[in-house]
Amino acid sequence: MVGLSYTTQKSVVIRSWRLGALYYAIVGVVLSYVGWYLVYLKHGYQLRSQAVGNIGLKIKGQAVLRDAATGLETVYDANDLVIYEPSGFFVATALMTTLQARGRCPGMDDDEACTEDASICRAGAFSASGRMTGACVDAGGSSGEKRCEIEGWCPGEPEDDRVNVLENVGNFTVFTRISVEFPGIPNKKGDGNLLWTNLNGTEPTMGWNLWTLNDLLASGGMRVEDIAKKGWDGRLDVQFDCDLDRGIESCAPKTPYKVRQVTDSEINTLSKGYNIRWVSAHNVGEPAPMQGVTYNQTGNSKDVRLLVKGYGPRIRFAVDGVGRKFDVLALSTTVGAGVAFLGIASLVVNAVMMYGSGKKSKQYENWLFAEFNDDSYGATENNS
Ligand SMILES: Nc1ncnc2c1ncn2[C@@H]1O[C@H](COP(=O)(O)OP(=O)(O)OP(=O)(O)O)[C@@H](O)[C@H]1O
């Protein structure tokens, strides 16, 4: 059967100190790459567990709001100003408040202007401020402007934001309750995954599990005053890289923490800073009588709310990282994969012999490859 043959290995010893030096130099490089880089530096002897982190937050503090128009001062605490998110918080540093009751009033939105064309006020249609009654009424200023009358919360928010900045919010304290689990690495009892928390000690410690808002913002190069009126949207990464062979006690998040903005402030953005609205159900009193505004009356009382638009920093925390622990399987996988690189040494030396040795290349080829025709088992080519 012409074409069939069997190929097997034959060892060839080439007595050349140059090729020998090249071969052992490459072997040396490969072994140091595996031993020093893959095993030692990259911790190839350790099992890596992707940390699963959680954070709980509690914010405390007192602030004062001075009304720019009246000079009236009101003391607020964190419970009035903080909105919690699953892994973050928003705290208001400036407020715009509108005391409202259900009733009828001129719409405050530009789209509700009816000076030119009263027919845009269609009874029963929804507009930006409420549901239109169909009337086109005096907007109530000296300009003589007219607006569609709406039914809803009155009066509407003014078109331009009139914010009042709160004092002392930068000194609010943020308590961070962090816990991290390392799946696949058992705890001492062996009944669950290894856990780490920052709740050691008897009371919160500044710079460990307690921070001021000033501290957090300063880590991103900001001051509360810079962002108080516009707000800011940012995040803070709490990162772990724990060598658990040294014990869970040596584990700690990478510090210093650093907040960073999640939006690009360079580009011309549709939404700048950060603000949110909420309704304060606190005993807020009643809105003053206003021209053109009629409030619904239920018995002696009105249906009242304080609409709050708050500006300030929003910070979300992401807790993640890795835990590493010695593991025989991880070590043998790294070493096994690394040793496979040793084949590179023979490959390179053979390539140098065959293609980089000028006239001697042919001779090297004859040494490396030997062909024999075996008559007794059926030669595939005739011996000449
Ligand atoms: N933002 C914060 N600033 C200062 N201390 C805080 C803050 N948040 C929590 N703490 C304190 O940390 C400890 C643990 O808080 P945790 O919420 O678990 O307990 P607590 O007794 O319900 O707290 P508290 O009733 O004081 O809000 C408590 O001593 C608490 O007072």
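So, a few notes on the structure that sits alongside this text. (Residues numbered from 1 in each chain as written. Predicted model: local features only at pLDDT ≥ 70, side-chain atom pairs only at ≥ 80, totals over all residues.)

Quick word on the environment of Asn-164
And then number 1: Within the secondary structure, Asn-164 is located in strand β10 (residues 164-167).
And then number 2: Using a count of 16 C-beta atoms within 10 Å as the deciding quantity, one classes Asn-164 as partly exposed.
And then number 3: A C-alpha to C-alpha distance of 101 Å links Asn-164 and Gly-378, two positions 214 residues apart in sequence.
And then number 4: Sequence-distant contacts of Asn-164, defined by excluding residues within four places in its chain, comprise Leu-65, Arg-66, Asp-67, Ala-68, Ala-94 and Leu-95. (Helix = DSSP H or I, 4+ residues; strand = E, 2+ residues; numbered from the N terminus. Buried ≥ 20, exposed ≤ 12 C-beta atoms within 10 Å, placed from the backbone. Contact = placed C-beta atoms within 7 Å.)

Side note on unusual backbone geometry
And then number 1: Geometrically, the link from Cys-154 to Pro-155 is a cis peptide bond, its omega value of -15 degrees lying close to zero.
And then number 2: By secondary structure assignment, the location of Pro-155 is in the loop between β9 (146-154) and β10.
And then number 3: Although it is not a glycine, His-43 adopts a positive phi angle of roughly 55 degrees.
And then number 4: Judged by the 19 C-beta atoms lying within 10 Å of it, His-43 is partly exposed.

Overview of the packing of helix α1 (residues 17-41) against helix α5 (residues 328-339)
And then number 1: At a closest axis distance of 10 Å, the pairing of α1 and α5 adopts a crossing angle of 145 degrees. Taken as a pair, α1 and α5 cross one another with a handedness that is right-handed. Across the interface between the two elements, Val-34, Leu-38 and Val-39 of α1 pack against Thr-334, Val-335, Gly-338 and Val-339 of α5.
And then number 2: Partitioned by chemical class, the residues of the contact of α1 with α5 number five nonpolar, two polar and no charged. (Axes fitted to C-alpha atoms, helices over the stretch in contact; angles between N-to-C directions. Left-handed = near helix turned anticlockwise from the far one by under 90°. Nonpolar A, V, L, I, M, F, W, Y, C, P; charged D, E, K, R; others polar.)

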